[in-house]
Every structure is written in C-alpha cells, then in structure tokens.
Amino acid sequence: MAGTMLNSTLSSLTYFILGAYFHIGNLRYLYFMITALLYFVIIIANSSLIVVICLSRSLHEPMFLFLCSLFVNELYGSTGLFPFLLIQILSDIHTLSVPFCFLQIYCVYTYASVEFLNLAVMSYDRYLAICYPLQYNTRMTFNHVAVFIIFVWLYSFMNILITLSLNIRLPLCGNTINSLYCHNYLVVKLACSDTKVNNIYGLFGVVLSIVVPLLPILFSYMKILKVCFSGSKQTKQKAVSTCTPHLVSLLNFSFGCCFEILRSRFDMTSVPSVLRIILSLYFLIMQPLLTPVMYGLQMSKIRQTCKHLFCNKMLTGYRDTV
C-alpha cells in the first residue's frame, strides 16, 4: 500500500529541481548582463546573415542556402536555452515544470541533431563543388537543396520525438537534475521502472543523430583530401578557403557535444564546478557565436555582399538627408 502511494506521488511530479546552480549573491546581476549580451550578439549576428543571404540574389546558391539553414538552427538552439537561463540566474529557486523540461529537452536535442546533419550535407556539397566542379550545378540544383534542408529538419524532429515519447511515460523516483538545464539522460536516470528500452533507443538515437552524419562527412573529406594532394595549387586554395570554416565549426560542435555526453554518463566531481558549468553550456553558446563569425568573416562573398548592402544603405540615408 505504501509502495503504491509512493509511486502515485512520484509519478505526479509537477516540477524538476536543477541542482547545478549555487548561490552567487549579487554576482547574479553581472552574470545576467553577460548572458543577455551573449544572447543579443547571437541574435544580431545570425539574423543579419540570414537577412543578407535572403536579400542578395548573388548568394542564392546551394552553399549559402545551407548556411542560412545553419544560422536559423543557431537561433533555434540558443532560444531553447538563453531565455530560460536568464530567468534562472535571477531566481532564488531553480525549478521548472515537467512539461517545460521536456520541451527544453526537445529543443536542445533537435538543435544538436539538425546541426550535425546540416554540417554533413554541407560537407557533401563541398565534395561535389571541389571534386566535380563541372557537374556541380546539375548535381546540386535548387530542388535538391530544398529536399536536403527539409529532410534535415524533419528527420531530426521525428527522431527526437520518438525518444521523448518513450521518456514521458516513465514514472520518476525523484525530481533533482544535476544540470543547469533539462537533460534527457539525467531525467531517465530518475525513473523507478526498467529503462532498458529507453537506453537501447537512446544509443540508437545517438547513432542516428551523430554516427550517421559522420559517415558522409568522413567520406567527403577523404575525397577532398585526395583531390587536394593530386590537384593544382588553385584547387588546394579553393578547398582550404571553403572547407576551413566548416571543419572548425564541426570540430568545435563535436567537442562540446562529446563533453556533455560524457558529463551526463560519468562521474565528473573531480572537475572544478565552474569548469563543468562552462563546458556543459559550451555547445549551446560557442557554436551559435562561432558559426556566424567563421562564415561571415572567412567567406569573401558574404563579406563583399555585407559591405555592398551596408554601403548602399548608408548612401541612401545620406541622399535622403540631403
């Protein structure tokens, strides 16, 4: 009877406690301002590049359309974290409702899945551009680009939806999550019932979201390297200029995701708490910041278009005042 009442009470949990927060006193206002500034920069940088790509017809090419999808995803992922993080920084009680927790899990995990898949599609695009330049326009048409982008987003949303539907049904034996935000595996660890199915599909989901996108990435770069070693100096320069931002973005995001996966599954108490906090947020903060910087500064066509649009706007404003 007591066991039944306990299960009934625990299965009706209405909120989770986030145990990774600690008392910081008046420093909360400084952290709030820094976090708000980071979010503001992410919104402005990614939104500006989306607008530039949409307004400039010269950028309506496959590579830039994939970049536009990537910038949209950076906005999506950061919005799944930052508004919530800003509220928690100013709050004395670090709790959130169960529905919101699962919504945040869905946003963060779909963001990660879309990011990897988008980077995989972009690597295939670079492979075609460098290895088959004469056939590129016929192989990578606008329709193909649209299909790729739609597939990336639908695949990610459906894949994570299955994972989430398996976890929502679990009865929970606790409500404390040792994290700054809701984490799928940490919620599963609170379950009272057998989680074998969840763990199996969780591993399967990791394969679908990470390993599968890595295959075309590895294939594409093996082919690109082969062409670079046997190609002309001009081919090598083109490969370096177009692939460097992509590789930096890929390695940066992979590092952040790997640490977060390891942190949730292994004991990290030996790591200083401040470092754990920074690294746990790394892939949700650094990637949305780094992506527009890398592509906006490194890709000459985007730089030139930005300068052209800015100069035209300044000139128009000057003429209006005169």
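Residues numbered from 1 in each chain as written. Predicted model: local features only at pLDDT ≥ 70, side-chain atom pairs only at ≥ 80, totals over all residues. Heavy atoms only, no water.

1. What about the pattern of salt bridges?
Pairing between side chains of opposite charge can happen when their charged atoms approach one another.
Reasoning step 1: According to the stated counting rule, one finds two salt bridges in the structure shown.
Reasoning step 2: Between D92 and R28 there is a salt bridge, with its nearest N and O atoms 2.9 Å apart. Of this pair, D92 sits in the loop between helix 4 (82-90) and strand 2 (95-97) while R28 sits in helix 2 (residues 27-55), and the two are 64 residues apart along the sequence.
Reasoning step 3: In this structure R28 comes out as buried when scored by relative accessible area, which is 12%.
Reasoning step 4: For the salt bridge of D125 with R126, the shortest nitrogen-to-oxygen distance reads 2.8 Å.
Reasoning step 5: Look at D125 and you get buried, because its relative accessible area is 1%.
Reasoning step 6: In this structure R126 comes out as buried when scored by relative accessible area, which is 6%. (Salt bridge = Lys/Arg side-chain N within 4 Å of Asp/Glu carboxyl O. Helix = DSSP H or I, 4+ residues; strand = E, 2+ residues; numbered from the N terminus. Buried < 20%, exposed > 50% of the residue type's maximum accessible area, 1.4 Å probe, protein only.)

2. Quick look at the environment of I105
Reasoning step 1: Structurally, the position occupied by I105 is in helix 5 (residues 98-131).
Reasoning step 2: I105 sits 76 residues away from Y181 along the chain, and the two C-alpha atoms are 8.4 Å apart.
Reasoning step 3: If sequence neighbours within four positions are ignored, I105 has contacts with L164, C182, H183, N184 and V187. (Contact = heavy atoms within 4.5 Å.)

3. Brief notes about the sheet that holds strand 1 (residues 15-18)
Reasoning step 1: Read across the open sheet, the three strands follow the order 2-1-3; overall the sheet is mixed. Two strands lie at the open edges of the sheet, namely strand 2 and strand 3 (176-177), each paired on one side alone.
Reasoning step 2: Across three bridges, strand 1 lies against strand 2 in antiparallel orientation. When the sheet's bridge partners are listed, I17 is paired in strand 2 with T95.
Reasoning step 3: Sitting on the sheet, helix 5 touches strand 1, strand 2 and strand 3, and the angle it makes with strand 2 is about 90 degrees. (Pairing = 2+ DSSP bridges. Axes fitted to C-alpha atoms, helices over the stretch in contact; angles between N-to-C directions.)

4. Points about helix 3 (residues 62-79)
Reasoning step 1: Its 18 residues place the ends of helix 3 26 Å apart at the C-alpha level, agreeing with the 26 Å of an ideal helix rising 1.5 Å per residue.
Reasoning step 2: Where burial is concerned, most of helix 3 is hidden: 15 out of the 18 residues are buried. (Expected span 1.5 Å × (residues − 1).)

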